[in-house]
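Here's the letter readout for the chains.
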Amino acid sequence: MPLMPKRVKYRKVQRGRRRGVATRGCGLNFGEYGLMCLENGWLKNTQIEAGRVAIMRHLKGGGKVWVRVFPDKSVSKKPAETRMGKGKGAPTFWVCVIRRGKIMFEIEGVPMELAREALRLAATKMGFRCKFITRGAF
């Protein structure tokens, strides 16, 4: 079951802009350690799930993990070798718009080195530069 909204008001949305700095979700609100994004972009539902799985496997069931992002924007794509026109393509996958400074994952209840390595593994799945942060640092 992919990560996606149960229902939306409109099936197809415009692409929008991916620039600026996160003003919300840019502080550690739940855990002791977090993974902060340093670039703007789209985070696909598959990338979020891959990061979550990487963290959970490394922690081996210990600690608590919060996923602070949710893909609520549909991205449509037309089939390959299709002529121009005939409207917008069907929704293919879901993304979350990420702006720099946004906290994507938070962890608590594990030692710092274990959390650092778990979030490093998750960062490799994200597709853009990320930074490990702690509650004391922010």
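What counts, and where the lines are drawn
- For every chain, the first residue of its written sequence is number 1, and the numbers climb from 1 along that sequence.
- Thresholds applied to this predicted model are a pLDDT of at least 70 for local features of residues and 80 or more for the giving and counting of side-chain atom pairs; totals over whole chains, interfaces and linings are not thresholded and use all residues.
- Side-chain figures throughout are based on the complete set of non-hydrogen atoms in the structure, without hydrogens or water.
- Here a helix means four or more residues in a row that DSSP labels H or I, a strand means two or more in a row labelled E, and each is numbered from the N terminus.
- With a 1.4 Å probe rolled over the protein chains alone, any residue whose accessible area is under 20% of its type maximum counts as buried; one over 50% counts as exposed, and the rest are partly exposed.
- Asp and Glu count as negative and Lys and Arg as positive, but His and the ends of the chain are not part of the count.
- Note on charges: their place is set at NZ of Lys, CZ of Arg, CG of Asp or CD of Glu.
- Salt bridges are defined as contacts in which a side-chain nitrogen from Lys or Arg sits within 4 Å of a carboxyl oxygen from Asp or Glu.
- A strand pair is defined by DSSP finding two or more bridges across the two strands.
- Fitted lines through C-alpha atoms give the axes, limited to the stretch in contact for helices. The angle between two N-to-C directions lies from 0 to 180 degrees.
- Put simply, two rings from Phe, Tyr or Trp (the six-membered ring, in Trp's case) pair if the centres are within 6.5 Å, and we call them stacked under 30 degrees between planes, edge-to-face over 60, tilted for the rest.
- Cation placement over rings: the criterion is NZ of Lys or CZ of Arg within 6 Å of the ring centroid and within 35° of the ring normal.

Enquirer: Just give me the short version of the overall build of the protein chain, but keep the residues and values in it.
Expert: Within the protein chain, the regular secondary structure consists of two helices and seven strands. Along the chain direction, N to C, the helices and strands of the protein chain fall in the order β-β-α-β-β-β-β-α-β. Overall, the C-alpha framework of the protein chain stretches about 55 × 30 × 25 Å when taken along its three principal axes. Residue burial in the protein chain is summarised as follows: out of 138 residues, 38% are buried. Taking the average location of the 31 positive side-chain charges in the protein chain and that of its 9 negative ones, the two points are 12 Å from each other.

Enquirer: How would you explain the pattern of salt bridges if you had to name every residue and give the values?
Expert: The full count for this structure, using the stated rule, is six salt bridges. The closest approach of N and O atoms between R52 and E49, which form a salt bridge, is 2.6 Å. Within this pair, R52 and its partner E49 are both found in helix α1 (residues 45-59), separated by three residues, close to a single helical turn. The partner of R116 in a salt bridge is E113, with the nearest N and O atoms 4.0 Å apart. Note that R116 and E113 are positioned in helix α2 (residues 112-123) at a spacing of three residues, about one turn of the helix.

Enquirer: Before we move on, can you summarise the sheet that holds strand β4 (residues 73-77) with the specific residues and values?
Expert: On the basis of which strands lie adjacent, the open sheet formed by three strands has the order β2-β5-β4 and antiparallel pairing. Looking at which strands have only one partner, the edges of the open sheet turn out to be β2 (41-44) and β4. Looking at each pair of strands side by side, their axes are set apart by 50 degrees on average, direction ignored.

Enquirer: Would you mind going over the packing of aromatic side chains in detail, with residue names and values included?
Expert: Inspection of the entire model under this criterion finds two aromatic pairs. Taking the centre distance of 5.6 Å and the plane angle of 20 degrees together, the rings of F30 and W66 count as stacked. On the criterion of sequence distance, the pair formed by F30 in the segment before β1 (33-37) and W66 in strand β3 (residues 64-67) is long-range, its members being 36 residues apart. A relative accessible area of 41% places F30 in the partly exposed class. Taking relative accessible area as the criterion, W66 reaches 18% and is therefore assigned buried. Ring plane angle 20 degrees and centroid distance 5.7 Å describe the contact between Y33 and F132, whose orientation is recorded as stacked. Of this pair, Y33 sits in strand β1 while F132 sits in strand β7 (residues 130-134), and the two are 99 residues apart along the sequence. Residue classification places Y33 among the buried positions, given a relative accessible area of 12%. Just above the ring of W42 sits the side chain of R18; from NZ or CZ to the centre is 4.1 Å. Sitting over the ring of F93, K44 keeps its end group 4.4 Å from the ring centre.

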